[in-house]
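Residue-level structural notes
One letter stands for each residue in the lines below.
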Amino acid sequence: MSYADVRGLRIWYEVHGTGKPLVLLHGSYGSTETFAPIRPALAARRRLVAVDLRGHGRTAGADRPLRYESMADDVAALLRHLDLPEVDLLGYSLGGGVALRTAIQHPALVRRLVLVSTPFRRRGWYPEALAAMSAHDERAAERMRGTPSHERYARVAPRPQDWPALWARSGDLLRRDYDWSAEVAALPMPVLLVFADADAIPMGHVAEFFGLLGGGHRDAGGDGPDRPASRLAVLPGLTHDEVVASPALPAAVLPFLTHVARAPG
């Protein structure tokens, strides 16, 4: 557990387990602790590098704009600092957007990509989820004081007084439009998409996302000769908030990281 000085930030990261590296990126207002429920299962097979993103957890930076693209550059700089030339990368929600941009902007660094509850365009969220995210600001931060996410932030953040600023910066990010469909279709590495069956992202968007990765276009054949390199998992009985702590998540992720896949095409 340590800090790395990269891109003018002191980025907090933790290492657990042994084996090939699997980098974990948490969701909004989260931290490395987000993955605590599933960390033992993942660390039994992988060397985990869990990261606190800019402005979150033990990493300062709530005074800087939050952008998926710049946070992806933060992650890439951290990987180079740690001398990790190729990793498997898992991101959840906000961290999924950062992981996706890391794979788009720095594809040579990412061997396999796992995106948990992550859309490829802003309008991939349900309208009510978009409305809630659009309301993130300093007033919302005040209403969230005393919640588990605030208590965790207050306990570990280098500047606990930045809680309102984090919400303001996050709201600015979440209100910005984006559509990465063309870049998703060009990804060179296998991708695993994981969603809850009661997620904040509709199944139509899930199917479109998988389609961009080559999935869902044809019968793969009896022994799968036309199987796409990428995979899709929809985990039953879970919501957007629950999926990242479910034992079903490592059960879906670990086989994907080890199966033999043909190149996307």
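So, here is what we can say about the structure in this document.

Across its full length, the protein carries 10 helices and 8 strands. For the protein, whose C-alpha radius of gyration is 18 Å, the value lies close to the compact-globule estimate of 18 Å for 265 residues. Taken across its 265 residues, the protein has 55% of its residues classed as buried. Considering only contacts within the protein whose residues lie at least 6 apart along the sequence, 76% involve residues at least 24 apart. Accessible surface computed for the protein: about 11,100 Å², of which carbon and sulfur atoms make up 53%.

It is worth spelling out unusual backbone geometry at this point. The phi angle at R7 is positive, at roughly 50°, despite the residue not being glycine. In this fold, R7 is placed in the loop between β1 (2–6) and β2 (9–16). Among the residues examined, R7 registers a relative accessible area of 41% and is labelled partly exposed. Unlike most non-glycine residues, Y29 shows phi in positive territory, near 65°. Inspection of the secondary structure puts Y29 in the loop between β3 (21–25) and α1 (39–43).

A few words now on the pairing of strand β4 (residues 47–51). By the criterion of burial, β4 is predominantly enclosed, with 4 of the 5 residues buried. Note: β2 against β4, 4 bridges, orientation antiparallel. Pairing of E14 across the sheet is with A50, part of β4. Across 5 bridges, the pairing between β3 and β4 is parallel. Across the sheet, the residue bridging to L25 is V51, located in β4.

As for its placement among the helices and strands, A129 is situated in helix α4 (residues 127–134). Judged by its relative accessible area of 16%, A129 is buried. Residues A129 and R152 lie 23 residues apart in sequence; the distance between their C-alpha atoms is 23 Å.

This brings us to a nonpolar patch on the surface. Residues M203, L232 and V234 make up a contiguous nonpolar surface patch of roughly 210 Å² in combined accessible area. Relative to the elements of secondary structure, L232 occurs in strand β8 (residues 231–239). We classify L232 as partly exposed; its relative accessible area is 34%.

The full count for this structure, using the stated rule, is 9 aromatic pairs. Measuring from ring centre to ring centre gives 5.1 Å for Y3 and W12, while their planes differ by 70°; the resulting arrangement is edge-to-face. These aromatic residues form a ring-pair network of at least three members: Y29, Y153, W163 and W167. One residue, R10, lies across the ring of Y3, its end atom 4.1 Å from the ring centre. Directly above the aromatic system of F256 lies the positively charged group of R112, at a separation of 5.6 Å from the ring centroid.

Buried within helix α6 (residues 148–156) we find S149, H150, Y153 and V156. The buried residues of α6 all sit within an arc of 145° when viewed along its axis, so they share a single face. Opposite its buried face, α6 presents the exposed residues P148 and R155, each directed more than 90 degrees away.

With that settled, the discussion passes to helix α10 (residues 248–258). Of the positions making up α10, those classed as buried are L249, P250, A252, V253, L254, F256 and L257. Where α10 is buried, its residues meet β3, α1, β5 (87–92), β6 (110–116), β7 (191–198) and β8.

Here the focus is the sheet that holds β2. The pairing of strands in a sheet happens through backbone hydrogen bonds and is either parallel or antiparallel. Taken in spatial order, the 8 strands make up an open sheet running β1-β2-β4-β3-β5-β6-β7-β8, and their pairing is mixed. On the outer flanks of this sheet lie β1 and β8, each paired with one strand and no other. Averaged over all neighbouring strand pairs, the angle between strand axes comes to 25°, with direction disregarded. As paired elements, β5 and β6 share 6 bridges and run parallel to each other. Its bridge partner being in β6, G91 is matched across the sheet by L115. Against the sheet, helix α2 (residues 68–81) contacts β1, β2, β3, β4 and β5, and its axis sits at roughly 110° relative to β1.

Reading guide: rules and limits
- Residues numbered from 1 in each chain as written.
- Predicted model: local features only at pLDDT ≥ 70, side-chain atom pairs only at ≥ 80, totals over all residues.
- Heavy atoms only, no water.
- Helix = DSSP H or I, 4+ residues; strand = E, 2+ residues; numbered from the N terminus.
- Rg over C-alpha atoms; globule rule 2.2 N^0.38 Å.
- Buried < 20%, exposed > 50% of the residue type's maximum accessible area, 1.4 Å probe, protein only.
- Contact = heavy atoms within 4.5 Å.
- Areas by Shrake-Rupley, 256 points an atom, 1.4 Å probe, with all protein chains shown as cover.
- Pairing = 2+ DSSP bridges.
- Patch = residues over 30% accessible without salt bridge, like charges linked within 9 Å, V, L, I, M, F, W, Y side chains within 5 Å.
- Salt bridge = Lys/Arg side-chain N within 4 Å of Asp/Glu carboxyl O.
- Phe/Tyr/Trp six-rings, centres within 6.5 Å; stacked < 30°, edge-to-face > 60°.
- Lys NZ or Arg CZ within 6 Å of the ring centre and 35° of its normal.
- Arc of directions from axis to C-beta.
- Axes fitted to C-alpha atoms, helices over the stretch in contact; angles between N-to-C directions.

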